[in-house]
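Read off the chains here:
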Amino acid sequence: MASAKVFVLRTCDGETFEIDESVAYVSETIKNMIEDGFGHDLIPLPNVSSKILLKVIEYCRKHVSNFESSKKTSNGDEKDKDNDSWKKEKEAVPEVEKDAEEKARVEELKEWETTFIDIDQQVLFDLLQAANYLNIKGLLVMAAEKAASMIRGKTPEQIRETFNIKNDFTPEEYEDIRKKDAMNDFTPEEYEEIRKKIADNHFTPEEYEQIRKENAWAIE
Amino acid sequence: MWFLSIHFWFLTDFMSRFKSVDDEIEESERISHKTDSEDSDPLLAMGDELATYILILLPLKTLFRSKCVSIRWNRLISDPLFACMYVNRQGGGSHTHMTTPTSFFHQLDFFAFDYGYLPPEDKRLNFLRLDNDAKVENDDNHVAVQQRVRSFDHNFFIVDSSNGLLLFARTGNQCRNYYVSNLLSKQWVGLPEPKRLYPYESAKLVCKYDDGYKPSLAQIKFEVLLFSRYQIMSSLFLEIFSSETGNWRMVVLHNYPSYLRTLHCHTLFNGAAYWLDVHADGAGRIAALDFSHLKMSSMPLRSVPYNEIAVMPEDCVQFIPLPASSDLPSNGFLGFSGGLLHYAESNLTNLHIWALSSGGLSQASQVAWSRKHSVSLQFMIDEHPDIFRLIANYRGEYDIGHKQHRFHFSPLAFHPSGLHLVLLNLPGMIVSYHIEKRKLEVVHHYNVQNFQHVPRFTVLSYNYPAWPTQFPSVKSGHASPLCSLERC
């Protein structure tokens with residue numbers, strides 16, 4: 001689907017980038033702007049820096065080329081080119097995987113994705129905001145999942161460390177929340193208390209050690 | 001020692017905070033958008049909408065722990081709107097407080113005869129999941145519950161489960177202690193001792209959520225119903241504990257037909273209890289008691305010196321006849337599946353399952369049982385020789401013709417969502433039987449000494465709450481001191 005049309009995007013720091021129509025249309029926002037008639041001139045993106053736009057364009061180009069190659073290996077059905085097709089292709093993969101070429105394509109895509117999203121925290125969050133502003137669903141999903149993976153399974157202290165967040169609770173508030181609301185594991189002293197109350201419920205020494213280790217984070 | 005170190009931490013943190021904080025920074029500024037701490041938090045610098053987008057992907061445990069990260073995070077996660085979005089994120093209805101994959105608790109029945117030969121691990125509480133389509137996020141919950149369950153000793157018996165809350169019992173010296181707990185949020189409450197001690201009793205838990213729209217604001221109320229399994233007099237006595245009052249109260253239904261012999265296999269659904277009455281000569285029927293009557297009707301209180309016993313109106317209980325082709329009510333089993341009352345009977349050769357086609361209590365006069373399924377034990381053996389070989393090994397060849405080699409395959413539970421699954425008790429194992437596919441799958445093994453005397457198990461279905469809610473602290477009653485294990 002060759003198109004001679006080229007659009008020019010301008011970032012907040014004054015740099016300009018030229019992209020094909022097909023690449024531009026990956027962003028719903030840009031697509032709407034073009035369809036509303038603003039494409040003949042520079043398209044200004046005051047919320048996006050050039051560093052981030054480079055990444056975004058990289059994603060869009062990959063998206064388009066991936067789509068093209070998947071059309072070749074599939075039966076050539078008309079697939080909608082909206083941003084959801086990125087996700088739909090991934091979901092539909094099990095059926096199409098019978099074709100070895102398709103399989104290889106999917107593998108390569110996964111690898112590309114992993115490298116693509118392996119970026120600085122700051123870049124990741126800027127990318128997330130850009131994807132939101134430019135309305136690129138697939139990129140938004142990818143970046144959000146990466147951000148969530150940085151939080152998943154971590155204790156609050158680890159999360160604070162990762163994102164450099166200040167603990168602005170007072171000690172009393174913190175204890176309050178930790179005890180009542182946060183579904184936390186017990187502190188060893190709480191376990192002691194419980195053990196005394198349920199007198200015949202003994203923990204073996206190994207279990208007790210394990211419980212203590214699990215709850216070390218609560219002491220911080 | 002831990003205690004001291006916490007205090008030390010508090011002190012140093014407090015002191016350092018005191019030193020570095022300027023006098024003019026006030027409470028409001030601490031949580032305003034302008035302080036440095038806000039700017040350094042990238043998640044919130046993006047705005048609440050995007051932050052929500054990310055937080056919604058987290059599993060429940062991490063999410064709740066993250067409430068401790070900072071005030072903004074806490075506020076964001078505690079927002080009822082966030083709770084709604086979280087519960088809805090898979091696109092599957094928020095009007096239930098439960099997520100769909102169902103798990104089961106199973107344990108030796110609290111009142112099972114003394115199976116002293118069973119090793120402690122066979123008496124313990126077990127937790128299993130049958131559905132294969134359980135989503136990844138729920139694995140976190142599953143692991144959490146598994147961990148909790150592992151720390152129980154074998155004196156703790158599960159009695160009932162309702163809407164995410166569980167009822168446990170423990171025998172003490174000449175008393176029976178009941179506990180209600182929410183395993184996910186690790187809340188426990190010990191109930192005061194009931195007024196009477198019955199030799200064999202059944203307890204049921206009823207848990208209600210007050211507000212259907214906002215999961216995090218929902219108020220939970222629960223009640224525990226206690227009744228004797230063996231009927232001695234022609235009156236039916238019940239004790240009810242309410243979390244609102246923090247006390248037990250006694251209710252009696254007079255003129256309960258005295259030909260009743262035993263009450264067993266209770267089941268609770270939609271505020272009504274159903275149980276099986278079996279007559280001495282083998283006849284049986286199902287009794288249904290609508291508990292909403294107990295609250296709505298104003299009952300005259302008959303004052304007795306230290307007990308208040310409310311008398312139930314006689315139309316509280318309705319009777320549902322058993323299916324015409326049932327012949328062994330003493331081996332009957334009641335349960336709910338897909339919103340319909342099911343009755344199963346197993347004799348030594350066959351298993352029959354019926355479903356009550358009518359709605360329930362209000363249409364008791366138009367009772368119609370439809371036979372849902374029948375299967376013969378021989379068929380099951382032929383289809384799954386490898387499973388039955390495990391049993392047969394115990395005693396030699398299984399022969400359905402020889403009486404001394406027969407055993408029961410008694411039903412333990414129906415899958416509540418109506419997934420055509422029935423859990424059956426075979427000697428030495430609990431299996432799940434799929435009605436449509438006619439397939440058996442072993443779910444759990446246990447030791448058995450004599451395969452004709454198979455211990456009874458309690459199997460209860462359990463759904464994770466989609467959003468864990470605090471359950472109310474139970475008011476301490478004036479009758480007896482409340483032993484509450486706060487945050488056990």
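Refer to the structure presented above.
Per-chain numbering applies: the sequence of each chain, read as written, is numbered from 1 onward. All chains are assigned letters beginning with A, and all ligands numbers beginning with 1, in the order in which they are written. Side-chain atom pairs in this predicted model are given and counted only at pLDDT of 80 or more, local residue features only at pLDDT of at least 70, and totals for whole chains, interfaces and linings cover all residues. Here the side-chain values reflect all heavy atoms present in the structure, with hydrogen atoms and water set aside.

(A) Region of the structure containing the overall build of chain A. The helix and strand labels rest on DSSP assignments: H or I over at least four residues marks a helix, E over at least two residues marks a strand, and numbering proceeds from the N terminus. From N to C terminus, chain A includes 12 helices and three strands. Relative accessibility thresholds used throughout: buried, under 20% of the residue-type maximum; exposed, over 50%; partly exposed, between the two (1.4 Å probe, protein chains only). Here chain A holds 220 residues, and 45% of them are scored as buried. Contact criterion: two residues are considered in contact whenever any of their non-hydrogen atoms come within 4.5 Å of each other. The long-range fraction of contacts in chain A, counting pairs at least 24 apart against all pairs at least 6 apart in sequence, stands at 59%. Residue-level accessible areas treat just the shown protein chains as cover; the underlying method is Shrake-Rupley with a 1.4 Å probe. Accessible area for chain A stands at about 11700 Å²; split by element, carbon and sulfur atoms hold 50% of it.

(B) Inspection of the overall build of chain B at higher detail. For chain B, the helix and strand inventory stands at 13 helices and 25 strands. Out of the 488 residues in chain B, the part that is buried amounts to 54%. Put simply, 58% of the contacts in chain B that link residues at least 6 apart link residues at least 24 apart. Here chain B displays about 22500 Å² of accessible surface, and carbon together with sulfur accounts for 52% of that area.

(C) Molecular detail of the packing of aromatic side chains. Stacked, edge-to-face and tilted labels apply to pairs of Phe, Tyr and Trp rings (six-membered ring for Trp) whose centres lie within 6.5 Å, assigned for plane angles under 30 degrees, over 60, and everything in between, in that order. The tally for this structure, following the rule as stated, stands at nine aromatic pairs over all chains. Sitting over the ring of Phe379(B), Arg438(B) keeps its end group 5.5 Å from the ring centre. The criterion is that NZ of a Lys, or CZ of an Arg, lies within 6 Å of the ring centre and within 35 degrees of the ring normal, and then a charge sits over that ring.

(D) The arrangement of the nonpolar core in detail. What we call a nonpolar core is a set of buried Ala, Val, Leu, Ile, Met, Phe, Trp, Tyr and Cys residues that are connected through their side-chain atoms within 4.5 Å. Of all hydrophobic cores here, the largest spans 62 residues; its most connected members are Val56(A), Tyr59(A), Ile54(B), Leu55(B) and Trp73(B). If one sorts the elements of this core by residue count, helix 7 (residues 137-151) of chain A sits on top with nine residues. Excluding residues within four positions of it along the chain, Val56(A) makes contact with Leu127(A), Ala130(A), Leu134(A), Ile136(A) and Leu139(A). Core analysis: the next-biggest nonpolar cluster, separate from the first, contains 20 residues, Leu377(B), Phe388(B), Val422(B) and Leu424(B) among them.

(E) Focus on the packing of helix 5 (residues 48-55) of chain B against helix 7 (residues 71-78) of chain B. Residues and elements named next belong to chain B. Where helix 5 meets helix 7, the closest approach of the two axes is 11 Å, and the angle between their N-to-C directions is 75 degrees. Accordingly, the angle class assigned to the pair helix 5 and helix 7 is roughly perpendicular. Here Asp 48, Ala 51, Thr 52 and Leu 55 of helix 5 come into contact with helix 7, specifically with Arg 72, Trp 73, Leu 76 and Ile 77. Residues that form the contact of helix 5 with helix 7 fall into these classes: five nonpolar, one polar and two charged. Inter-axis angles, ranging from 0 to 180 degrees, are taken between N-to-C directions of lines fitted to C-alpha atoms, where helices are fitted over the stretch in contact. The labels follow the angle: roughly parallel below 35 degrees, roughly antiparallel above 145, roughly perpendicular from 65 to 115, and oblique for the rest. Basically, the charged four are Asp, Glu, Lys and Arg, the nonpolar ten are Ala, Val, Leu, Ile, Met, Phe, Trp, Tyr, Cys and Pro, and anything else, Gly included, counts as polar.

(F) Focus on the pairing of strand 18 (residues 340-346) of chain B. All names here are of chain B. In terms of burial, strand 18 is largely enclosed, as six of its seven residues are buried. The pairing of strand 17 (residues 332-337) with strand 18 spans six bridges and is antiparallel. Looking at strand 18, one finds that Leu 334 is bridged to Tyr 343. Sheet analysis places strand 18 next to strand 19 (residues 350-356), joined by five bridges and oriented antiparallel. Directly across from Glu 345, in strand 19, lies its bridge partner His 352. Remark: three residues form the turn of the hairpin made by strand 18 and strand 19, two consecutive strands paired antiparallel. Paired strands, as defined in this entry, are two strands with at least two bridges between them according to DSSP.

(G) The pattern of salt bridges, seen in detail. Residue and element names in this part refer to chain A. Take a side-chain nitrogen of Lys or Arg and a carboxyl oxygen of Asp or Glu: if they are within 4 Å of each other, that pair is a salt bridge. Per the stated rule, a full pass over the model turns up five salt bridges over all chains. Here Arg 105 makes a salt bridge to Glu 102, at a shortest N to O gap of 2.9 Å. Pair noted here: Arg 105 and Glu 102 are both in helix 5 (residues 100-116), with a separation of three residues, about one helical turn. You'll find Arg 105 and Glu 102 in the same group, each marked buried. Arg 152 is the salt-bridge partner of Glu 145, the closest N and O atoms lying 3.3 Å from each other.

(H) Representation of the packing of helix 7 of chain A against helix 5 of chain B in the model. Across the interface, helix 7 of chain A lies against helix 5 of chain B with an axial gap of 8 Å and an inter-helix angle of 70 degrees. Relative to helix 5 of chain B, the element helix 7 of chain A is oriented roughly perpendicular. Here helix 7 of chain A and helix 5 of chain B pass one another in a crossing that is right-handed. Where helix 7 of chain A abuts helix 5 of chain B, its residues Lys137(A), Leu140(A), Val141(A), Ala144(A), Ala147(A), Ala148(A) and Ile151(A) lie against Leu50(B), Tyr53(B) and Ile54(B). Its residues placed into classes, the contact of helix 7 of chain A with helix 5 of chain B shows nine nonpolar, no polar and one charged. Should the near helix be turned anticlockwise from the far one by less than a right angle, the crossing is termed left-handed; should it be turned clockwise, right-handed.

(I) Representation of the pairing of strand 24 (residues 439-445) of chain B. All names here are of chain B. Note: strand 23 (residues 429-434) against strand 24, six bridges, orientation antiparallel. The partner of Ser 432 across the bridge, within strand 24, is Glu 441. Hairpin connection from strand 23 to strand 24: four residues lie between these consecutive antiparallel strands, with Arg 438 at a positive phi of about 55 degrees.

(J) The arrangement of the sheet that holds strand 18 of chain B in detail. Residue and element names in this part refer to chain B. Strand order in the open sheet formed by four strands is 17-18-19-20, with antiparallel pairing between adjacent strands. The open sheet has two free edges, formed respectively by strand 17 and strand 20 (369-376), since each of these has just one partner strand. Adjacent strand axes in the sheet meet at a mean angle of 20 degrees when their direction is disregarded.

(K) Up close: the side chain of Thr29(A). Residue and element names in this part refer to chain A. Secondary-structure assignment places Thr 29 in helix 2 (residues 28-38). Of the residues examined, Thr 29 reaches a relative accessible area of 18% and is grouped as buried. The term polar contact refers here to a pair of N or O atoms within 3.5 Å; inside protein, the definition further demands a hydrogen-donor-capable atom paired with an acceptor-capable atom, and it admits residues adjacent in sequence only when both atoms are side-chain atoms. From its side chain, Thr 29 meets the backbone nitrogen of Asn 135 in a polar contact 3.5 Å long. Once you skip the residues sitting within four places of it in the chain, Thr 29 turns out to touch Tyr 133, Leu 134 and Asn 135.

(L) Quick look at the sheet that holds strand 22 (residues 421-426) of chain B. Residue and element names in this part refer to chain B. One open sheet accounts for four strands, arranged 21-22-23-24; its pairing is antiparallel. Across the chains shown, the open sheet's two edge strands, defined by having one partner strand only, are strand 21 (410-414) and strand 24. Across the sheet, the axes of successive neighbouring strands diverge by a mean angle of 30 degrees, strand direction being ignored.

(M) Summary view of the environment of Arg371(B). Residue and element names in this part refer to chain B. Tracing the backbone through its elements, the reader meets Arg 371 in strand 20. Distance from Arg 371 to Ile 353, taken between C-alpha atoms, is 6.2 Å for residues 18 residues apart in sequence. Once you skip the residues sitting within four places of it in the chain, Arg 371 turns out to touch Ser 325, His 352, Ile 353 and Trp 354.

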